[in-house]
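Given next are the chains, with one letter for each unit.
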Amino acid sequence: MGTEHSAVYHKGVPKKSFRSRLGKTWNHIKRDRQLLLLFLPCILFYVIFRYGPLYGLIIAFKDYSVFTGVLGSEWVGFEHFITFFTNQDFWLLFRNTLLLGLYTLIFGFPFPIMLALLLNEVRTKWFKKSVQTFSYLPAFLSVVIISSMIIDFLSPNHGILNQMLAAFGFEKKYFLVDPGWFRPIYVISEIWANAGYESIIYLAAIAGISPTLYEAAKVDGASRFHMIRHVTLPGLFPTMLIMFILKTGSMIRVGYEKVLLLYNPMTYDVADVFSTYVYRKGLLESNYSYAAAVGLFEALVAMVMLLSANAISKRLGGNGLW
């Protein structure tokens, strides 16, 4: 074997030396230096605002004091994690967080797909654009506005829903103080707020399906329903898989904003989740180390779920995120 290429062979495949790979990488950097400079702000953003703050997670293993700082605080190891796992609220928080995330995934995942399929079949342009605008609008509203609208709609005195119930002879309901209604209200509001915006992704995927497939289906006598079933849905499947993996990873990370704005002491048993617990312990009770431990546990569970969903997807023969 010649030595001029600095390469060795392993199982029939040439394996380049570290020096050769380093030289090749340097040549790529020199060739694409303008493109890499454009990418530099993105790298800096993640380093400063995403990975830099991870340093603060160390307080989860310390008894943090604002007077001694992160490095000067006493090291306590896993004491805060043990306290949290043995707390009587742990399983309540775990159940509430998991159920809210699971219901949102099960009932919320199909809606953007169905909306995109229906919009793709609409041939009247003004109607299609009106529906798109109406469905996208909630995505541009803040959580505070959406929560305020929900509270107004469900108000027992002046809410439109209770007005309709009264008009049909039914008794008015106190939806927001009834624990049995909290999860349906949360899930329905999530679907309303996100379905239109997420359908854009599926509409873009549909636009990427080759028109020749539809033409071939027409020649074979396929109806619109058959084309949706045998052309559109298979073309959407890779996008659906990626979105499902991403949603599975975020299933356990229920945002605190909407829950915090909608829940009350009457609904704590079904509404209190990890993120609201972190808010109360960290900001209201100034127990920073304990709150950091709970937040770190939540993030680790979310990461495990994301990795598991990705591995299962790849094992089943589909695509993965990486």
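Residues numbered from 1 in each chain as written. Predicted model: local features only at pLDDT ≥ 70, side-chain atom pairs only at ≥ 80, totals over all residues. Heavy atoms only, no water.

1. Some words on the packing of helix α11 (residues 211-219) against helix α12 (residues 224-249)
Piece 1. Running from N to C, α11 and α12 cross one another at 145°; their axes reach a closest spacing of 10 Å. For α11 against α12, the interelement crossing comes out right-handed. Along its contact with α11, which presents Leu213, Tyr214, Ala217 and Lys218, the element α12 presents Met227, Val231 and Thr232.
Piece 2. Per-class residue counts for the contact of α11 with α12 are five nonpolar, one polar and one charged. (Axes fitted to C-alpha atoms, helices over the stretch in contact; angles between N-to-C directions. Helix = DSSP H or I, 4+ residues; strand = E, 2+ residues; numbered from the N terminus. Left-handed = near helix turned anticlockwise from the far one by under 90°. Contact = heavy atoms within 4.5 Å. Nonpolar A, V, L, I, M, F, W, Y, C, P; charged D, E, K, R; others polar.)

2. Remarks on unusual backbone geometry
Piece 1. Of note, the phi angle at Ser286 is positive, near 55°, even though the residue is not glycine.
Piece 2. Along the chain, Ser286 turns up in the loop between α15 (274-284) and α16 (288-315).

3. Comments concerning the nonpolar core
Piece 1. Of all hydrophobic cores here, the largest spans 22 residues; its most connected members are Phe109, Ile113, Tyr202 and Leu236.
Piece 2. When residues no more than four places from it in sequence are discounted, the contact partners of Tyr202 are Phe109, Pro112, Ile113, Ala116, Leu236, Thr239, Met240 and Met243.
Piece 3. Counting residues in hydrophobic clusters, the runner-up holds 20 residues, among them Tyr186, Val187, Val270 and Ala271. (Core = buried A, V, L, I, M, F, W, Y, C linked by side-chain atoms within 4.5 Å. Buried < 20%, exposed > 50% of the residue type's maximum accessible area, 1.4 Å probe, protein only.)

4. Details of the pattern of salt bridges
Between side chains of opposite charge, a pair can form when the charged atoms approach closely.
Piece 1. Here the structure, examined in full by the defined rule, presents six salt bridges.
Piece 2. Glu121 is the salt-bridge partner of Arg224, the closest N and O atoms lying 2.8 Å from each other. Of the two residues, Arg224 sits in helix α12 while Glu121 sits in helix α6 (residues 110-121), which places them 103 residues apart along the sequence.
Piece 3. Between Glu285 and Lys281 there is a salt bridge, with the nearest N and O atoms lying 3.2 Å from each other. (Salt bridge = Lys/Arg side-chain N within 4 Å of Asp/Glu carboxyl O.)

5. Some points on the packing of helix α8 (residues 143-153) against helix α10 (residues 179-207)
Piece 1. As a packed pair, α8 and α10 sit with axes 12 Å apart at the nearest point and diverge in direction by 125°. In terms of their interaxial angle, α8 and α10 are classed as oblique. The two elements α8 and α10 meet at a crossing, and its hand is right-handed. In this structure, α8 contributes Ile146, Met149 and Ile150 to the contact, and α10 contributes Ile185, Ser189, Trp192 and Ala193.
Piece 2. When the residues that make up the contact of α8 with α10 are grouped by side-chain class, the tally is six nonpolar, one polar and no charged. (Parallel < 35°, antiparallel > 145°, perpendicular 65-115°, else oblique.)

6. So, the packing of aromatic side chains
Piece 1. With the rule as written, the count across this model stands at 29 aromatic pairs.
Piece 2. Residues Tyr103 and Phe107 carry aromatic rings whose centres are separated by 6.4 Å and whose planes lie at 50° to one another, so their mutual orientation is tilted. With a gap of four residues between them, Tyr103 and Phe107 both fall in helix α5 (residues 90-108), about one helical turn apart.
Piece 3. Through a chain of ring-to-ring contacts, three or more aromatic side chains come together here, namely Phe84, Phe85, Phe90, Trp91, Phe94, Phe274, Tyr277, Tyr290 and Phe297.
Piece 4. Of note, Arg280 hangs over the ring of Tyr268, and the distance from its end group to the ring centre comes to 5.7 Å. (Phe/Tyr/Trp six-rings, centres within 6.5 Å; stacked < 30°, edge-to-face > 60°. Lys NZ or Arg CZ within 6 Å of the ring centre and 35° of its normal.)

7. Quick notes on the confidence of the model for the chain
Piece 1. Per-residue confidence for the chain gives a mean pLDDT of 86; residues scoring 70 or more make up 94%.
Piece 2. Mean pLDDT values for the elements of the chain range from 47 in strand β1 (residues 7-10) up to 93 in helix α4 (residues 79-85).
Piece 3. Of the regions scoring below 50 in pLDDT, residues 1-10 engages in eleven contacts with residues more than four places distant in sequence or in other chains. (pLDDT = per-residue confidence, 0-100.)

8. Some words on α12
Piece 1. At Phe237, α12 shows its strongest bend, of approximately 45°, with the proline Pro238 following within four residues.
Piece 2. Taken as a whole, α12 has its buried residues at Met227, Ile228, Val231, Thr232, Leu236, Met240, Leu241, Met243, Ile245, Thr248 and Gly249.
Piece 3. In this fold, the buried residues of α12 make contact with α5, α6, α10, α11 and α16. (Bend = angle between axes of the 7 residues up to and from the residue.)

9. Observations concerning α15
Piece 1. Phe274, Ser275, Thr276, Tyr277, Arg280 and Gly282 are the residues of α15 that are buried.
Piece 2. Each element contacted by the buried residues of α15 is listed here: α4, α5, α13 (256-262) and α16.
Piece 3. Backbone geometry just downstream of α15 places Ser286 in the positive-phi region, at approximately 55°.

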